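What follows is each chain in one-letter form.
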There are 2 protein chains.
Amino acid sequence: MARRSDHTREELWWLAIDASRKIVEKEGLRGLRARQIARDIGYTIGTLYNLFEDLDDLIMHMNGETLDQLMEAVSKVELTQNPTMDLERLVHCYLSFTHEYPKLWNAIFEHKLPEDRPVPEWFSEKVSRLLAIIESTLAPILSDQSETEIHQHARVLWMSLFGMTILEGSGRLQDGETAFTLAKTLIKTYVDGLKSEQNMSVSNGL
Amino acid sequence: MARRSDHTREELWWLAIDASRKIVEKEGLRGLRARQIARDIGYTIGTLYNLFEDLDDLIMHMNGETLDQLMEAVSKVELTQNPTMDLERLVHCYLSFTHEYPKLWNAIFEHKLPEDRPVPEWFSEKVSRLLAIIESTLAPILSDQSETEIHQHARVLWMSLFGMTILEGSGRLQDGETAFTLAKTLIKTYVDGLKSEQNMSVSNGL
């Protein structure tokens, strides 16, 4: 077993997160045990709980790392100011990511904090930064709408896409369907709807 | 322990399904064990496996019963031929149902058959009958579209709504958001999009 002084606190933190990711990617969140993480990194459980409040805290940070990786991937997507095309590109990137790390992605939604424990601010901010990208693609067709409305449309799209990925992941799609083809139909129709609402409010002089 | 002859095969079948529903509604699908079901109905596990191929088969039938109950509820919704209004009414009914039986509803999506075992025809038909109701509400604005296209739009809507219910169920909505308010935004925008596409194809003489 390694001695604590072999690694800095930061190195240890990353060792634990990386080991957790490997376990979850193989066995899913249900397979994650503090004992196993400690064994994999060659430290005691005591050292682990010196780094993280508890297993929930460790999982939140592991999930935060997944969100950061997705953020890094979608940041590289080239955007065009054409909402339909941009959303398709973002969704393509998002689906590639969730297909590559399905169990890590599921862990974000499988994990529930105890009811009396709110989601930490830093975690919500990571989610908001991802949503802000969807919001920015919608902005050109929602110039008349408030930030709150744009935010709600981004969240509706995001949750809808989430439904498709979950159903694809659990093998519920029909022959010939993929989350991507369904998402393209959603995006096209939704963006057409937003444009038509925008046109109506313009022609009504609103 | 009751003797097998105390109940007909059909009565036993329903006893087992009802007992399973009670367990799942209390403890979730993960709490369901053949031993417990047998104990609750006062018969042996042998009797249970005389009625169902295995636990997967029993769960499929229990989930089928949940779909039947939802079908019964949505069949009572009064429809108006106004797609937005009709979809809102259906979603309201669907959400009331999933709020009343959250764990039974989740069981439908948590349960995975082994990979080599296809979803039984009778189960898929129950899902199709539910989707057919969404399709029928969309029909007035999709007169130019093929059955396949209408079917795809119904599935996109259904999966999107599913995403919202799942995220609501796992406490991921923001303050002030409910699955119903999000669903209303989705329905309004999506129906506007379908109408605008329909208008475009009419004005193009297609």
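- As annotated in an unreviewed UniProt entry, chain A carries the name TetR/AcrR family transcriptional regulator and is attributed to Roseibium porphyridii.

## A few points about the overall build of chain A
And then number 1: The number of helices and strands found in chain A is nine helices and zero strands.
And then number 2: Going from N to C terminus, chain A has its helices and strands arranged as α-α-α-α-α-α-α-α-α.
And then number 3: Considering only C-alpha atoms, chain A reaches an extent of 70 × 40 × 35 Å along its principal axes.
And then number 4: For chain A, the residues scored as buried account for 49% of the 206 residues in total.
And then number 5: Residue pairs in contact within chain A that sit at least 24 positions apart in sequence constitute 69% of those at least 6 positions apart.
And then number 6: Accessible surface, chain A as shown: approximately 10400 Å² in total, 51% of it carbon and sulfur.
And then number 7: Here chain A carries 22 positive and 32 negative side-chain charges, and the mean point of each set is 7 Å from the other.

## Section: the packing of helix H5 (residues 83-100) of chain A against helix H7 (residues 121-138) of chain A
All names here are of chain A.
And then number 1: One way to put it is that H5 packs onto H7 with a least axis distance of 8 Å and a crossing angle of 160°. In this view, H5 runs roughly antiparallel relative to H7, as classed from their interaxial angle. Residues Pro83, Asp86, Leu87 and Leu90 of H5 pack against Ile133, Ile134, Thr137 and Leu138 of H7.
And then number 2: Class assignment for the residues of the contact of H5 with H7 results in six nonpolar, one polar and one charged.

## Brief notes about the interface of chain A and chain B
And then number 1: Facing 36 residues of chain A, the contacting portion of chain B comprises 36 residues.
And then number 2: Summing both partners gives a buried area of about 3100 Å² for chain A against chain B, and 59% of it is carried by carbon and sulfur.
And then number 3: Broken down residue by residue, the surface that chain A buries against chain B is led by A:Met159, A:Arg172 and A:Thr189, which jointly contribute 18%.
And then number 4: Summed over the shared surface of chain A and chain B, the number is four salt bridges.
And then number 5: When the shortest N-O distance is used, the salt bridge between A:Arg155 and B:Glu177 registers 2.4 Å.
And then number 6: The interface formed by chain A and chain B includes 14 residue pairs in polar contact (both at pLDDT 80 or more).
And then number 7: Among the secondary structure elements, those contributing two or more residues to the side of chain A that touches chain B are helix H6 (102-110), helix H8 (147-169) and helix H9 (179-203) of chain A.
And then number 8: Taken together, the residues of the side of chain A that touches chain B break down into 14 nonpolar, 14 polar and eight charged.

## What about the side chain of B:Lys126?
Residue and element names in this part refer to chain B.
And then number 1: Position of Lys126 relative to the elements: it lies in helix H7 (residues 121-138).
And then number 2: For Lys126, the side chain forms a polar contact with the side chain of Asp68, separated by 3.0 Å.
And then number 3: Setting aside its immediate chain neighbours within four residues, Lys126 contacts Gly64, Leu67 and Asp68.

## Focus: the environment of B:Glu25
And then number 1: Summarising the element assignment, B:Glu25 is placed in helix H1 (residues 9-27).
And then number 2: Excluding anything up to four places from it in sequence, B:Glu25 contacts B:Tyr101, B:Pro102, B:Lys103 and B:Leu104.

## What to know about the packing of H1(B) against helix H2 (residues 34-41) of chain B
Residue and element names in this part refer to chain B.
And then number 1: One can describe the packing of H1 onto H2 by two numbers: an axis separation of 9 Å at closest approach and a directional angle of 120°. When the axes of H1 and H2 are compared, the crossing they make is right-handed. Here Leu15, Ala16, Ala19, Ser20 and Ile23 of H1 come into contact with H2, specifically with Gln36, Ile37, Asp40 and Ile41.
And then number 2: Here the residues of the contact of H1 with H2 are counted per class, giving six nonpolar, two polar and one charged.

## Some remarks on the relation of the copies chain A and chain B
And then number 1: Of the transformation superimposing chain A on chain B, the axial component is 0.0 Å and the angular component is 180°, with the fit at an RMSD of 0.0 Å. The relationship between the two copies is best expressed as a two-fold rotation axis.
And then number 2: Mapped onto chain B, 100% of the interface residues of chain A are again interface residues, and the two copies thus contact each other with one and the same surface.

## Topic: the UniProt feature "domain: HTH tetR-type" (unreviewed entry) in chain A
And then number 1: UniProt annotation of "domain: HTH tetR-type" (unreviewed entry) refers to residues 10-70 of chain A when read in the numbering used here.
And then number 2: What you have in residues 10-70 of chain A is 80% helix and 0% strand, and the ends, taken at the C-alpha atoms, are 22 Å apart.

## A closer look at the nonpolar core
And then number 1: Counting 86 residues, the largest nonpolar core has A:Trp105, A:Met164, B:Trp105 and B:Met164 as the members making the most contacts within it.
And then number 2: Beyond its immediate chain neighbours, meaning those up to four positions away, B:Trp105 contacts B:Thr66, B:Leu67, B:Leu70, B:Tyr94, B:Phe97, B:Thr98 and B:Trp158.

## What about the packing of aromatic side chains?
And then number 1: Following the criterion strictly, the structure yields 24 aromatic pairs over all chains and no others.
And then number 2: Where B:Phe97 meets B:Trp105, the ring centres are 6.3 Å apart and the plane angle is 90°; that geometry is what we call edge-to-face.
And then number 3: Through a chain of ring-to-ring contacts, the aromatic side chains of A:Tyr94, A:Phe97, A:Tyr101, A:Trp105, A:Phe109, A:Trp158 and A:Phe162 assemble into a single cluster.

## Details of H7(A)
And then number 1: Taking 1.5 Å of rise per residue, 18 residues should cover 26 Å, and H7(A) covers 25 Å from first to last C-alpha, within 8% of that figure.
And then number 2: Along H7(A), the residues that are buried comprise A:Phe123, A:Lys126, A:Leu130, A:Leu131, A:Ile133, A:Ile134, A:Thr137 and A:Leu138.

## Here we look at the UniProt feature "DNA-binding region" (unreviewed entry) in chain A
And then number 1: UniProt's feature table lists "DNA-binding region" (unreviewed entry) at residues 33-52 of chain A, given in the numbering used throughout.
And then number 2: Taken end to end, residues 33-52 of chain A is 75% helix and 0% strand, and its first and last C-alpha atoms sit 14 Å apart.

## Some words on the domain arrangement of chain A
Many structure descriptions define interface size as the accessible area lost when the parts assemble.
All names here are of chain A.
And then number 1: What the domain assignment reports for chain A is domain 1 (1-52) and domain 2 (55-203).
And then number 2: One C-alpha centre belongs to domain 1, the other to domain 2, and the line joining them spans 30 Å.
And then number 3: Each side of the interface is counted separately: domain 1 has 17 residues, and domain 2 has 17 residues.
And then number 4: Summed over both partners, the interface of domain 1 with domain 2 buries about 1500 Å², with 69% contributed by carbon and sulfur atoms.

About the thresholds
- Residues numbered from 1 in each chain as written.
- Chains lettered and ligands numbered in written order.
- Predicted model: local features only at pLDDT ≥ 70, side-chain atom pairs only at ≥ 80, totals over all residues.
- Heavy atoms only, no water.
- Helix = DSSP H or I, 4+ residues; strand = E, 2+ residues; numbered from the N terminus.
- Buried < 20%, exposed > 50% of the residue type's maximum accessible area, 1.4 Å probe, protein only.
- Contact = heavy atoms within 4.5 Å.
- Areas by Shrake-Rupley, 256 points an atom, 1.4 Å probe, with all protein chains shown as cover.
- Lys, Arg positive; Asp, Glu negative; His and termini not counted.
- Charge placed at Lys NZ, Arg CZ, Asp CG, Glu CD.
- Axes fitted to C-alpha atoms, helices over the stretch in contact; angles between N-to-C directions.
- Parallel < 35°, antiparallel > 145°, perpendicular 65-115°, else oblique.
- Nonpolar A, V, L, I, M, F, W, Y, C, P; charged D, E, K, R; others polar.
- Buried area = accessible area lost by both parts, 1.4 Å probe.
- Salt bridge = Lys/Arg side-chain N within 4 Å of Asp/Glu carboxyl O.
- Polar contact = N/O pair within 3.5 Å; in protein donor to acceptor, adjacent residues only side chain to side chain.
- Left-handed = near helix turned anticlockwise from the far one by under 90°.
- Least-squares fit on C-alpha atoms with pLDDT ≥ 70 in both.
- UniProt positions renumbered as here; feature names shortened; annotations may be inferred.
- Core = buried A, V, L, I, M, F, W, Y, C linked by side-chain atoms within 4.5 Å.
- Phe/Tyr/Trp six-rings, centres within 6.5 Å; stacked < 30°, edge-to-face > 60°.
- Expected span 1.5 Å × (residues − 1).
- Domains from an automatic or database assignment.

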